[in-house]
Every structure is written in structure tokens, then in C-alpha cells.
Amino acid sequence: MTANSEYLNELQQQGDFLTLSRNNEWHLAPSAFTLSNGTTVTIHDTGVIEFQPKCATTIDVVLSSAIHGNETAPIEICDELIKRIILGDLQLAQRVLFIFGNPQSINIDKRFVEENLNRLFNGHHTVEGVKMNNERTRAAKLEQYVSDFYQRGGQQRERCHYDLHTAIRGSKNDKFAVYPFLHGKPWKKSQLQFLLSCGVNTVLMMKSPATTFSYYSSFVHGADSFTVELGQVKPFGENDMSRFAKTKATLIALISQKEVIYKEFDASDFELFAVHRSINRTEHDFSFPFSDDAENFTGFSKGDLLATDGQTCYYADVEGEAIIFPNADVALGQRALLTVIPLQLTDNII
Ligand SMILES: O=C(O)CCC(=O)N[C@@H](CCC(=O)O)C(=O)O
Ligand SMILES: [Zn+2]
């Protein structure tokens, strides 16, 4: 018996692709099998598994988690969905690619091993003069798996990618999504309705390109793509999964139904924010004037100090300017803080 078929037997019986991925931190030989309901299961690599149902499909769905290894709630959700599909308890109506981004960082219970994976997409993994590492290689491979998945689906199909995370800090708005910069293309009400059904009524509209996974699939593949923040970072087993019941039910409907009808769009259901600015850490001496438990979406008065980067002080320049993802420990040159301001919907939405 080859090593491959050993792992396949166990995977077919237990559906535990998460443990298989964690036991093979950076590489797993590709393999495939078919479920009794006709769904083809293809393992592309560690953490990367594709399901192609036998029926005709219309949407190519990418669900990623563990791009940051210690963000466990989304990993638990995807783990459960994968198990249910492999064990034949959940019949798919759409093609789905699941990705556990960084299995080694799950094992060490850290955001990343050497380098933040979510700063390496859209080609930023390969930079002349910068030494490759496991995360850079992984980002390049993940781009390729997503690219192949969408290409095999074909052009005239719906493409979506939900990159599931949890925030380091608590948030006034517990669940929220980041809508990557669309370069002038309109935002989609249907996507906001999907998010609302997931229990996510707060969306930040980015205004510039990024190095994130969701920006990559949006920009390069035209996918409806979002970073979705589901509560706060907690160790495995400590997540109150009842808080994600709507998210899980909506993801299940998305992948197992031919069509999903969402609530009619009503702008008053949402809290939308425009990203006002991004503050990068450029000096070792970088700090925030607020405490570690200041929550995302905390608003500041015009003139309040927001951050100090060496000799440079950043002050709120708009009343109510609110903080998102403050992190003074990021690598030099990286984003240490986003600020947002409320957004009134314009007509750039379809
Ligand atoms: O809470 C935090 O500081 C970070 C949570 C997280 O990982 N967020 C993503 C957002 C990606 C995006 O801007 O679309 C990240 O920082 O990579
Ligand atoms: Zn994250």
C-alpha cells in the first residue's frame, strides 16, 4: 500500500482533512477519489481540497481559512463542512475549493510562522532580492491553486471567494467584512445580502490595492471576494460556535443549493464604512495611545492622537475617525492601523 492510499482510506472514512493537513505542514502529495454520490474530491496539496459535484453547477466558490493560523473559528467551520461533504452528509450543488492557508501556523497557534501570509498575495511573494521562505512559497502556490480552480470552471460563471478570519481585538461590530478595492467597478447588493445572511452587516470599502488574498482573487480573477472577520481570536474549543450559526447556515446554502434567495436589499440594514487611511509602521519606536483592549470601530474626536511612529504623530483629522486592526507589532513597512469613516451609499452599487 502506498503512503497516498493510506491517507486516502483514512480521509474517506473520517473526513478529517484538517488533521491530515496539520500532519503535513507544507506539502501533501496530490490525490483524488470519488464519493458515492458522484462528487469528485481532489486533494491538490496540504490544506487545499476541491469538490466537484456530478450535477451541473453555476458558481465556483473558494472558502479559505487559516491564512492566519491562530484564527480558529473559521477553521472549525470549514473543518465541519469538509467532514460533512466527505462523509456524504452534505450534498453539493456548486464547485468548492477549501483552503487551510498555513497549517504550520495552526500547529504553533500563531498568526504566521516567519511572515504574514496575507501580505504576500498578488505577486508580493516573489520579489527580486528578497529570500523565499515557506510562507512566500505557499502564497505563490495558493494563487496557482485558485487560478487553476477558476480556469477549470470557465469564464462565464459566478466566482466568489470568502477568506474567513477573526480579529485580534474585540470589535464593537463583532462581525465585519472588507470589500477589496474594485478599481471603480460597482459594489454588489447581492454580495451585501449574502453577507447580511451570514450575520455580517458591517462592511469596509477599501480604496486602494492590497496584498491580501481577497484582493488577489477579486483583482486577478474578478471574483466577488471578501475578507470576513468572524469575532475575536480564540484557541480551538473556546469559540462560542452559536455566534456563527448564521454564517455556517448561509455557507451551507451557498454550496448545496442551485440558487439562494436572500432578503431584499435595504441600505438601512447595513453599517458601511469607507477606509479613510492606512497608517504603516516605519520605525521600531511605534505606539498607540489607547490600550490593548480598545475595540475595533472605536471612534476618535478630531485632533486626538491615533498613533506615534518615531517622530511622526498621527491625529484624527475627521470627527469620529474609527480604528480598525491596530497592531503595533507588525513588521516595519507594514500596515499597523486602518481608520474608517461612515459611508453613505452612492450610486456605484448594482
Ligand atoms: O485584527 C487584526 O489586527 C487582523 C485581523 C486580520 O487578519 N485581518 C486581515 C484583513 C485583511 C484585509 O484587509 O482584507 C489582515 O490583516 O490580513
Ligand atoms: Zn486574519
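If you're wondering where the values come from, they're calculated on a predicted model, not measured in any experiment.

Here the phi dihedral of Ala66 falls at roughly 55°; this positive angle occurs in a residue that is not glycine. Counting through the fold element by element, Ala66 comes out in the loop between strand S4 (59-65) and helix H3 (72-86). Not every positive phi belongs to a glycine, and Phe297 is a case in point at roughly 80°. Its location among the elements puts Phe297 in the loop between strand S11 (286-287) and strand S12 (299-300).

Buried within helix H6 (residues 189-197) we find Gln191, Leu192, Gln193, Phe194, Leu195 and Leu196. Two residues or fewer past H6, Gly199 is found with a positive phi of approximately 90°.

Summarising burial for strand S3 (residues 48-52): four of the five residues are buried, a large majority. When strand S2 (residues 40-45) meets S3, the two strands line up antiparallel, connected through five bridges. Looking at S3, one finds that Thr42 is bridged to Glu50. Between the antiparallel neighbours S2 and S3 lie two residues, among them Gly47 with a positive phi of about 75°. As judged from the four bridges shared by S3 and strand S5 (residues 95-100), these two strands associate in the antiparallel manner. Paired with Glu50 across the two strands is Leu97, which belongs to S5.

Now for the coordination of the zinc ion (ligand 2). Protein coordination at the zinc ion (ligand 2): the donors are His68 (ND1), Glu71 (OE), Glu71 (OE) and His165 (ND1), at 2.0 to 2.3 Å from the metal. Sequence positions of the residues that donate to the zinc ion (ligand 2) give the spacing H-x2-E-x93-H. Placement of the pair is Glu71 in the loop between S4 and H3 and His165 in strand S6 (residues 158-167), with a sequence separation of 94 residues. Each member of the pair, Glu71 as well as His165, carries the same accessibility label: buried.

For the rest of this paragraph, the subject is the sheet that holds strand S14 (residues 312-315). Strand order in the open sheet formed by three strands is S11-S13-S14, and the pairing between neighbours is antiparallel. Whereas interior strands pair on both sides, the edge strands pair on one side only; in this sheet they are S11 and S14. Sheet topology note: the S11/strand S13 (residues 305-309) ladder contains two bridges and is antiparallel. Paired with Phe286 across the two strands is Asp309, which belongs to S13.

Reading the values: the criteria
- Residues numbered from 1 in each chain as written.
- Chains lettered and ligands numbered in written order.
- Predicted model: local features only at pLDDT ≥ 70, side-chain atom pairs only at ≥ 80, totals over all residues.
- Heavy atoms only, no water.
- Helix = DSSP H or I, 4+ residues; strand = E, 2+ residues; numbered from the N terminus.
- Buried < 20%, exposed > 50% of the residue type's maximum accessible area, 1.4 Å probe, protein only.
- Pairing = 2+ DSSP bridges.
- Donors = N, O, S within 2.8 Å, 3.2 Å for Na, K, Ca; no water.

Functional significance is not addressed by these values, which are geometric in nature.
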